[in-house]
Amino acid sequence: MVSHRQNNAQRIAALDERAEALGLKPGMGIADARAMYPDVEVIEADPDKDRLLLESLADWCDRFTPLVALDGRDGLFLDISGCAHLFGGEDAMLAEILRRLTHQGFDVRAALASTPGMAWAAARYAKADRNVPAGQEEPALAPMPLAALRLEEKTRIGLESVGLRYVGALIDAPRAPLARRFGRMLVTRLEQALGLVEEAISPRLPVAPLSAERQLAEPIGTTEEIEQLVLILARTLKHDLERRGEGARRLLLSLFRVDGAVARIMVGTSRPQREPLTIAKLFHERLSALEGSLDPGYGFDLLRLSVAVTAPFEVEQTDLAEGVCDEEEEFSLLADRIRARLGEGAVLVPVLSESHLPERRARFAPFGKKAAGQKAVSPQTRPAEKIRPIRLLEKPEPVEASAEVPEGPPLSFRWRRALYRVARAEGPERISSEWWREDKPGPTRDYFRVEDMDGRRYWLYREGFYGEKAAPRWFLHGIFP
Amino acid sequence: MARMAMAQEKVFALRREIAKIEGSLPERLAVPEAGPGSEPVLRRYGRLASGAGFSVAETGAPHLDAALGGGILRAALTEVAGRETRDSGAVTGFALALAAIVSRGGEGGRTARPILWVCLADMLAEAGFPHAPGLEPFFGIAPDKLLLARAGRLEDALWAAEEAARLGSFSATVLELRGNPAKLDLTATRRLHLRAREAGQPVVLIRHSAEPQPTAAPTRLLVSPASSPLRETLAGPLPRSIGPPAFAVTLSKSRTGRNGTFVLDWNSHDFAFQERWPVGERRLVRASGRGAQDPGHLAAASFDGPDFASAARAGLALKPERRRAG
């Protein structure tokens, strides 16, 4: 028995068959139930966990159709248009879904109809026939109670108070007065159930443009077996990609575990790919990076490889003698493999922008992004660079420095607890903050190149001026060779 | 006599066998025919070791080149180590200078290839990100020719470096690490070296604040910072100015077996080193046209610090003021 809090009282939210047999009902106070049967087991309802369970069930249902939508707290919509033949027809599919869910210990009711509304009603209120053929909605719906129409509580009570208890009574009634009195929603729901108005379900996951899957009689668990299957699936996908003239930019591998859990592995590419071996290689890296965190449990019995994002594939004529020998291709392939293994942001390229502030001048961006959009500033158009360090600290680090003359270079400074005595210094190079970019411009910086007694060369700057209210502060920003 | 020759033959055969198993080059130093005094000659399989597949890139510093056996090996792992992390500027600079030298001297078009820089994420936080506007003027690495791979774990970094070295289409692979991790043992360096050799591509291993430990790299250089020479102007050297990058380099492992310490200035126009003087010998040599004979240069030396040789001493890391500071 599951309890929940309603109007400041613990009430029964749901109960199992045995509790039902005792005469308890949902909505009854827990105190009353306890008074009648002191030894009933009461569990506090946990809507979040229920939601998680429903979502994992939805994941599992992905194996039947990619279009799975959540319905309220306790329902799932599966759009099986075009999928039923894969499971031996509609009735067989329905039976299969029910059988497998029952095996997992769920008390499940399912129905199949041409409209989501009808299926919803049939799953909950149909007496015998759970598969409502197209065109048979009206007779099937007529004997059902009004609750089958997914109405609001207020509307339903209103309708019942005027003696309309069954859907059949509404079907033939004129629509306009109904809508006027009980709201537009009632008519919409009725027409949706009857199939007069189209109703779309919103699937949880975007539907991949292409996918290939393989059902396995014997579940697999080892990485090698998964990789082999990925290769086979990628070969299947290749034909479809070729027909569409596209390549994959993002691939999703869904692994359906025997016990219902679903693992999803995403791999991105920096240029469109369709070569099965390449795709298999990428998944090889991803899988070896995941080793340990991917729990095969009792094994996976369904693998699906979907192309989540596609891009036009440019076919290039290859040299007859040389074969494919595109260096760019090689780099992007290596970068993809490194990314698959080390994580999405693992491969970076510097991107220059027109700015005086060193940290804004050059930044690192993930590899592949640049190819899609902006082009780096070409070296020809760049003005002559001032001497710049080869390494720049991510954030300038404050140092304690003492200068001989107020606006002059530092005499010595302490960085990371070590003291450096400055032997020579060059500067200052004044860099003002960019007022046209920032709302609140930062202080002006005076940069100095300094060399300490041992020959280490650093790039320090002083923020602010002497004689101002706030004392100037020194920072170490870069390191010279 | 004949028996001795036979025995030597056998030794060579065995050596070759071992080399085949180990996958390393059987090298030996032969006594040069020209008499003592001249440079040792490196022989491989009885041939002079300057043929194809054994290409070296001259660093521009004659004494260093001689100690290296002609220059930096193109198809090999080269280790560049620094004693402290705060020397990262000098160590990184020297490693990139080597990468620039190696890709400069290659066959046509090699410089156009990118460099892959693999490093551990904590190293970036410690020593900073590579700064593209500084890399180009110093080492000729254009911003679009740099790829940075950031790894969280050493295994991943090693894997990425190996894969890049195997690919062979980068101009160089730089792997940057800190300390003496247990996973970077002889086997790991040997794997890197083999990949580099097979692909004919240099791999430079940067090790910050590392103790010398066994390595399969044929060359290992310990790099410390050195005071830079004064900046040259038309009117002579500019007093108190900071000139081109300078390094104090100790060759601690080389193919020739010769070690030594060198103070090198980096010429970022020719992408070559200029030798100031070999510290061990304590005498000035004319490294290139100007410089050593230049009075300004000498003045700079005495001005900058007590002694250039001290820059390469191990005691450098423990100067009194640092001990106080720590």
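Residues numbered from 1 in each chain as written. Chains lettered and ligands numbered in written order. Predicted model: local features only at pLDDT ≥ 70, side-chain atom pairs only at ≥ 80, totals over all residues. Heavy atoms only, no water.

In this section: unusual backbone geometry. In this structure, the amide linkage connecting Gly427 of chain A to the following residue, Pro428 of chain A, adopts the cis form with an omega of -5°. Note that Pro428 of chain A resides in strand E14 (residues 418-431). Here Arg150 of chain A, not a glycine, exhibits a phi torsion of approximately 60°, which is positive. In this structure, Arg150 of chain A sits in the loop between helix H6 (137-141) and helix H7 (153-161). One non-glycine residue, Ser209 of chain B, adopts positive backbone phi at about 40°. For Ser209 of chain B, a relative accessible area of 26% corresponds to the partly exposed category. (Helix = DSSP H or I, 4+ residues; strand = E, 2+ residues; numbered from the N terminus. Buried < 20%, exposed > 50% of the residue type's maximum accessible area, 1.4 Å probe, protein only.)

This part is about the interface of chain B and chain A. Across the boundary between the two partners, chain B contributes 68 residues, which contact 57 residues of chain A. Both sides together, the interface formed by chain B and chain A hides about 5300 Å², and carbon and sulfur atoms give 57% of it. Joining chain B to chain A, the criterion identifies 6 salt bridges. Across the pair Arg231 of chain B and Glu426 of chain A runs a salt bridge whose closest N-O atoms are separated by 2.4 Å. The tally of links from chain B across to chain A stands at 24 residue pairs in polar contact (both at pLDDT 80 or more). Here the side of chain B that touches chain A takes 7 residues from helix H5 (residues 132-139) of chain B, the largest share from any one element. Among the residues making up the side of chain B that touches chain A, the classes are represented as 37 nonpolar, 14 polar and 17 charged. Looking at chain direction, strand E12 (residues 391-403) of chain A and strand E8 (residues 129-130) of chain B are connected through 2 bridges and run antiparallel. (Contact = heavy atoms within 4.5 Å. Buried area = accessible area lost by both parts, 1.4 Å probe. Salt bridge = Lys/Arg side-chain N within 4 Å of Asp/Glu carboxyl O. Polar contact = N/O pair within 3.5 Å; in protein donor to acceptor, adjacent residues only side chain to side chain. Nonpolar A, V, L, I, M, F, W, Y, C, P; charged D, E, K, R; others polar. Pairing = 2+ DSSP bridges.)

The next subject is the pairing of strand E7 (residues 115-120) of chain B. All names here are of chain B. E7 sits mainly inside the fold: 6 of its 6 residues count as buried. Burial along E7 is two-sided: the face carrying Ile115, Trp117 and Cys119 and the face carrying Leu116, Val118 and Leu120 are both buried. Relative to strand E9 (residues 146-151), E7 runs parallel, the two sharing 6 bridges. Paired with Val118 across the bridge in E9 is Ala149. Across 5 bridges, E7 lies against strand E10 (residues 172-178) in parallel orientation. Bridging from a neighbouring strand, Cys119 pairs with Glu176 of E10.

Glancing now at the packing of aromatic side chains. All names here are of chain A. The final tally for this structure, using the stated rule, is 22 aromatic pairs over all chains. Judged by centre distance (4.8 Å) and plane angle (50°), the ring pair of Tyr447 and Tyr461 falls under tilted. Residue Tyr447 is located in strand E15 (residues 445-452), and its partner Tyr461 is located in strand E16 (residues 457-463); the two are separated by 14 residues in the primary sequence. On the accessibility criterion, Tyr447 (1% relative accessible area) is buried. (Phe/Tyr/Trp six-rings, centres within 6.5 Å; stacked < 30°, edge-to-face > 60°.)

We now examine helix H9 (residues 175-182) of chain A. Residue and element names in this part refer to chain A. Of all the residues in H9, the buried ones are Leu178, Ala179 and Phe182. Viewed end-on, H9 has its buried residues packed into an arc of 95°, placing them on one side of the element. Projecting away from the buried face of H9 at angles above 90 degrees are the exposed residues Ala176, Arg180 and Arg181. Contact partners of the buried residues in H9: H7, helix H8 (167-171) and helix H10 (184-194). Gly183 sits one or two residues past H9 and shows a positive phi near 95°. (Arc of directions from axis to C-beta.)

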